[in-house]
Amino acid sequence: GVHLLIHSMESYIIASEKNMDADAPAAAMPIGVMHRLTLHELGLPSDAYTIDIARHAPEVVAAYKKRADVCLHPSKVEGFGMNVMECQIVGTPVVTTNYTAMGDFTKLGRSVPHRQTIRNPGFLYEMALPDVGGIADAIGDLYQEHMALKRGDEESLMRRDTEVAEFNEWIDSTCSPAAVGKKFKSLLLRSYSEFAERLASKQVLLSSNPPTSGAYAIVSGYHTPIVDWDTPWTLFAPDGLKIVDPTMLNSLAWMMHLNIEGGGQPAPTVLVVPAKYENGRDVPVMNADNSIHEDLPILVRTFMVTAFQQQMSRRKSLIQSAIQNSQQTGTTRKLPDGLAIIKKGQQNKSARHYNKNT
């Protein structure tokens, strides 16, 4: 018969390991899928599976992998997946999701195409939605191979020996210290070359006056459009914003981007643009609730906008998050007065437009 072994350490056991093996307090609750409840609700007989939550010595874990007939590892995403590699090394085929590293490293077994990609709120990366039907088919295929091996089918035995040998040869040629060192050397040389090119370009800019255009894209509206511009800065423009001196603002933004102010200070990531209303009154910096005033123009590094858009789209939330981050890193700067005027009662004509020095 078929028996499912799930080796999954509970979070409270991991907490105990970090606290001299003391039993975790009652308030330390499990995190993740409740395997026992899930299998019970699926109607799987209790004698058809074993859930092992214990922490084992490496040799015990290795024995698990060696004695298993197949390793199920159809994750949504993996950074590397050592379990997949180790099972194949000892001759145990694997079933994985053909996504990220799992697809690259599955040589012995089946890598099942995913149904689609998904993204959880708060995560910066996409994950795969495993194909349950495809996984079941892969298990069925490997079961037939397993039965052929048990019968002593010579063709199946030779094919399995060849697959294991080819995988270990691939490990030696791809993951050996010499192979990894060669790849790291190539990567470091490429990084050095690209850094040198960027530094040379920066020196060319520093050798003359800063550019007077192209430093920022202007966005407005309640929700910020998804970034598809490549300017170093994004100007969050309140309704009625008029830039008095676009040339000066561009020059200042370029200077801050190139960190011309120097002095060992980190490059700015947020620039506050002081503004006045048409009647000459200063636009407040803060609201009564300590949030940034909605009429204050703010320049934010575009890469930060891209990062924050993984979690939010409202203009005020993006600005608030950027300022909180820059205050923690000491990268907020205030630009000189006289660069912007706010004309109350006027709305920007579009949700997004690019700076044309007007």
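About the thresholds
Residue indices begin from 1 for each chain and proceed along its sequence in written order. Totals for whole chains, interfaces and linings use all residues, but because this is a predicted model, local features are given only for residues with pLDDT of at least 70 and pairs of side-chain atoms are given and counted only at 80 or more. In computing side-chain values, all of the structure's heavy atoms are included and hydrogens and water are not. Residues form patches when they are more than 30% accessible in relative terms and have no salt bridge. Like charges link within 9 Å. Nonpolar side chains (Val, Leu, Ile, Met, Phe, Trp, Tyr) link within 5 Å. For every accessible area listed, the method is Shrake-Rupley and the probe measures 1.4 Å; residues are considered covered only by the protein chains on display. Salt bridges, as used here, are contacts in which a Lys or Arg side-chain nitrogen is within 4 Å of a carboxyl oxygen on Asp or Glu. Helix and strand definitions here come from DSSP, where helices need a minimum of 4 consecutive H or I residues and strands a minimum of 2 consecutive E residues; each element is numbered from the N-terminal end. Throughout this description, buried means an accessible area under 20% of the type-specific maximum (1.4 Å probe, protein chains only), exposed means over 50%, and partly exposed covers the range between. Two strands make a pair as long as DSSP finds a minimum of two bridges between them. Structural elements are reduced to axes, namely lines fitted to C-alpha atoms, with helices fitted over the stretch in contact, and the angle between N-to-C directions of any two is expressed from 0 to 180 degrees. Pairs were defined over the aromatic rings of Phe, Tyr and Trp, the Trp ring being its six-membered one, requiring ring centres within 6.5 Å. Orientation was assigned from the angle between planes: stacked under 30 degrees, edge-to-face over 60, tilted for the rest. By definition, residues are in contact when any of their heavy atoms lie within 4.5 Å.

Caption draft 1: Seen up close, a nonpolar patch on the surface. A cluster of nonpolar side chains, namely V180, F184, L187 and L188, defines an oily patch on the protein surface of about 380 Å² accessible area. By the secondary structure assignment, V180 is in helix α8 (residues 177-206). The class for V180 is partly exposed, based on a relative accessible area of 31%.

Caption draft 2: Examining the pattern of salt bridges more closely. This structure, assessed with the given rule, holds eight salt bridges. Residue E145 is joined to R110 by a salt bridge in which the shortest nitrogen-to-oxygen separation is 2.6 Å. On the criterion of sequence distance, the pair formed by E145 in helix α6 (residues 132-150) and R110 in strand β5 (residues 109-112) is long-range, its members being 35 residues apart. Salt bridges sharing common partners tie together R110, E145, R160 and E163.

Caption draft 3: Quick look at the sheet that holds strand β12 (residues 275-277). Pairing in this open sheet of three strands is mixed, and the strands run β10-β15-β12 from one edge to the other. Taken across any chain shown, the strands that pair with only one partner, and hence form the sheet edges, are β10 (241-243) and β12. Here the strands of the sheet are splayed against their neighbours by 30° on average, with no regard to which way each runs. In this sheet, strand β15 (residues 340-342) lies alongside β12 in parallel orientation, the contact comprising three bridges. Within β15, the position partnered with K276 by the bridge is I341.

Caption draft 4: Structural context of the packing of aromatic side chains. In the structure shown here, the tally under the stated rule is three aromatic pairs. Taking the centre distance of 5.7 Å and the plane angle of 55° together, the rings of F105 and W170 count as tilted. Taken together, the residues F105 in helix α5 (residues 100-105) and W170 in helix α7 (residues 154-175) connect sequence positions 65 residues apart. Take F105: its relative accessible area is 13%, and that puts it in the buried class. Classification of W170 by relative accessible area gives buried; the value is 18%.

Caption draft 5: Inspection of the sheet that holds strand β4 (residues 94-97) at higher detail. Judged by pairing direction, the sheet is parallel, and its three strands sit side by side in the order β3-β4-β5 without closing on themselves. Pairing within the sheet leaves two strands with one partner each, and these edge strands are β3 (71-73) and β5. This sheet shows a mean twist of 10° between the axes of neighbouring strands, independent of strand direction. Sheet strands in contact with α6 are β3, β4 and β5, and its direction is about 170° off that of β5.

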